[in-house]
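Survey of secondary and tertiary structure
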Amino acid sequence: MRWTSLRLRLVAVFAAVALTAAVSVSGIAYWLNRDAVLTRAQNSALSDFSDSLQRNAASLPVRPTCESLETTASRIGGPDTYQVVLISTEPDGQECAKSSNLDQFTLDDVPATLQKAVNTMDKKTHQYHLVWERISLQGRPYLVAGARINGDGPTGYLLKSLEAERKDLNSLAWSLGIATLLALIGSALLAQAAGAAVLRPVRRLGEAAQRLGEGHLDTRLKVSGTDELAEMSRTFNNAAEALETRVEELSAREAASRRFVADMSHELRTPLTAITAVSDVLEDEAEALDPMIAPAVRLVVSETRRLNELVETLMEVTRFDAGTAKLRVDEVDVGEQVMACMDARAWLDSVELDAPRGVLATLDPRRLDVIMANLIGNALKHGGSPVRVAVRGTGTKADGDIEVAVSDRGPGIPEDVLPHVFDRFYKADASRARSEGSGLGLSIAMENAHIHGGDITAANDPSGGAVFTLRLPRHPREEEASDAVNGGGPSGAGGPAGGAR
C-alpha cells in the first residue's frame, strides 16, 4: 500500500481511535483497581493494627520498661502480617524503642513527617488515631502508620509491605496492555475489512473511468444496494451513457462533414477539369487578346489553378481523416529526392542544399515530395533568404532516423503562433484571408510525416529566422509496412498549399 493510499489512512484512523479508546479505558480501569486494591490492603492492615494495639498495648503503664515493650511488639507484629516499633520513655527518663524485627523495621525507617504528625496529636482525643503514609524502601512499596496508645503512654508504628499488591497490579497492567494490543490489532483488521468493502467500489470506479478515458464508451458499473456508493455508481453510469450518446452524435456529424467534403471535392473535379482546359487555352491566347481583357484572363487562369490545388488538398485531407491514406514505400536516397523536389519547382537557384549522398530510407517518395514542397515553399514565401535545406542521417542504417532541417533568415515565428503553425486553415495574420495559401500545407505535411511514423517541429533560430525540422524513421513500422503492401491511395496535394505565417 502506498503511504498516501486511502486504505492506509483508513487503517491508521481506525487504529488511532481504537488505541485512544483502549488506552483510556485501560488507564481508568487500572487506576480504579489500583485504588481499590491499595485501599483494601491499607484498611485491612490499619484496622488489624488498631485492634492489636488495643488488645495488647492498652494495659501497658504510661512508662513501661523496655522488656515489656519488646514483648508487646513481638506479640503485635509478625513475619506474615506487618512489623511494629513501640516507643516509650522508661521510668529513669530514657527513651526506649523496640521492634518486632530489627532487620526489617526500625524507627529510622519512619518518615520524620509521620513522626511529627503522631507526636503533635492531642494526647486525650486522638488515642489510637492512626496516621499513615505510603513510602518506598529499597525500591519496594510499604505502608507506614503511627498512633498514640494511651495519653502520655507509648507510641506505636506499623510497617506493612505492599509487594503482593504491586505484583497484582503489575499483572493487571500487563493484562490491560495485552488487551489494548489485541484491540489495536482487531481495529486494524476491522479497518482492513471495512476498507476493502468501501474501496472495492471506488477501485472499480477508477478502473471504469480509465477505460472510459481510453475510449471504451460502453463501460458501465454494476449497481447493487441503495447506499452512497451505489448512488455514485448510478451517477457514473448516467454520465457514461450521456457521454456515449454525445460522442455518437458528434461522430455522426463529423462523418457527415467528411462525406460532404469528399463528395463536394469529387463533384468539383469534373467542372474544374473543363474549366482548367479552357483556362489553359485562354492562357496560351492571352498575348493575342485585347490588352484590356488580358489581365482578367490571367486572373481567371491563376484562380483556377489555385482552386484546383485547393480541391486536391481537400481530397487529401479527407483521406487522412477517413484513415484511407496509405504508404507506397521504396528505398530512396533522401538527398536525391529533396533535390528532385526543388528541381521540379525551379527552386535550385533560391535554396542552399546540404544533402550528402547515401542517406537511404524506406519511405513513400510522393509523400516526401509533398512534405518538402510545403516546407520549402513556406520558407520561400514567408521567410527570408537564404533558405537552407540540410539532410542528415542518425543512428544505423538498420535502426535510425533521417533528419531534414529547412531554415530561413526571415523575422521568425511569433511565440503565440508557434503552437498553431500546423493547425488547419490557421493564419497568423487574419487580415490575409485572400493570401495565396489555403492554410492547409503545413497540416498536410505533418499528416504525411505521421503516417511514416515521424514528426515535424517548428522553432526559431537564436540567430534569426524559423527552422522546420522533419524527422522520419529509416524504415516504416510494422503496421505502416502492412499498409504499403495493401497499396496506397490516389495522389494529391503534391505542391505547397500555404503556410501559417
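Look up a bit, the structure's there.
Residues numbered from 1 in each chain as written. Predicted model: local features only at pLDDT ≥ 70, side-chain atom pairs only at ≥ 80, totals over all residues. Heavy atoms only, no water.

Description of the overall build of the protein chain
- Across its full length, the protein chain holds 10 helices and 12 strands.
- Evaluated residue by residue, the protein chain yields a buried proportion of 39% over its 501 residues. (Helix = DSSP H or I, 4+ residues; strand = E, 2+ residues; numbered from the N terminus. Buried < 20%, exposed > 50% of the residue type's maximum accessible area, 1.4 Å probe, protein only.)

Details of the sheet that holds strand E1 (residues 83-89)
- Pairing is antiparallel in the open sheet, where five strands are placed in the order E2-E1-E5-E4-E3. A strand with exactly one partner marks an edge of an open sheet, and here the two such strands are strand E2 (95-99) and strand E3 (131-137). Strand-to-strand twist across the sheet, computed as the mean angle between neighbouring axes with direction ignored, equals 20 degrees.
- Here E1 runs beside strand E5 (residues 155-161); their pairing, made up of five bridges, is antiparallel. If you follow Leu86 over to E5, its bridge partner there is Gly156.
- Sheet strands touched by helix H3 (residues 112-119): E3, strand E4 (140-148) and E5. Its angle to E4, the strand with the most contacts, is close to 20 degrees. (Pairing = 2+ DSSP bridges. Axes fitted to C-alpha atoms, helices over the stretch in contact; angles between N-to-C directions. Contact = heavy atoms within 4.5 Å.)

Here we look at the packing of helix H8 (residues 365-382) against helix H9 (residues 441-451)
- Between H8 and H9, the least distance of the axes is 9 Å, while the angle of their chain directions is 145 degrees. Crossing handedness for the pair H8 and H9: left-handed. Facing H8, whose interface residues are Arg367, Val370, Ile371, Asn374, Leu375 and Asn378, H9 presents Gly441, Leu442, Ile444, Ala445, Asn448, Ala449 and Ile451.
- Partitioned by chemical class, the residues of the contact of H8 with H9 number eight nonpolar, four polar and one charged. (Left-handed = near helix turned anticlockwise from the far one by under 90°. Nonpolar A, V, L, I, M, F, W, Y, C, P; charged D, E, K, R; others polar.)

Looking at the side chain of Arg474
- Tracing the backbone through its elements, the reader meets Arg474 in the loop between strand E12 (466-473) and helix H10 (478-486).
- An unpaired buried charge is present at Arg474: no salt bridge exists, and Asp401, the closest side chain of opposite charge, is 6.9 Å distant.
- A polar atom in the side chain of Arg474 sits 3.0 Å from the backbone oxygen of Leu360.
- The residues contacting Arg474, other than those within four sequence positions of it, are Leu360, Ala361, Thr362, Gly393, Thr394, Thr396, Lys397, Gly400, Asp401 and Ile402. (Lys, Arg positive; Asp, Glu negative; His and termini not counted. Salt bridge = Lys/Arg side-chain N within 4 Å of Asp/Glu carboxyl O. Polar contact = N/O pair within 3.5 Å; in protein donor to acceptor, adjacent residues only side chain to side chain.)

A closer look at the packing of aromatic side chains
- For the structure on display, the rule yields three aromatic pairs.
- Summarising the aromatic geometry, the rings of Phe49 and Tyr82 are spaced 6.0 Å apart at their centres and angled 90 degrees between planes, so their arrangement reads as edge-to-face. With Phe49 in helix H1 (residues 6-56) and Tyr82 in the loop between helix H2 (66-76) and E1, this pair connects stretches of sequence that are 33 residues apart. There is no split in this pair, since Phe49 and Tyr82 are both buried.
- Each ring, one from Phe422 and one from Phe468, has its centre 6.1 Å from the other, and the planes form 85 degrees; the classification is edge-to-face. Taken together, the positions of Phe422 in the loop between strand E10 (400-407) and H9 and Phe468 in strand E12 put the pair 46 residues apart, joining distant regions of the chain. Of the two residues, Phe422 and Phe468, neither departs from the other in class, the shared state being buried. (Phe/Tyr/Trp six-rings, centres within 6.5 Å; stacked < 30°, edge-to-face > 60°.)

Thoughts on the pairing of E5
- With respect to burial, E5 is a largely interior element, six of its seven residues being buried.
- As paired strands, E4 and E5 are joined by seven bridges and run antiparallel to one another. Looking at the pairing, Tyr142 lines up with Ser161 of E5.

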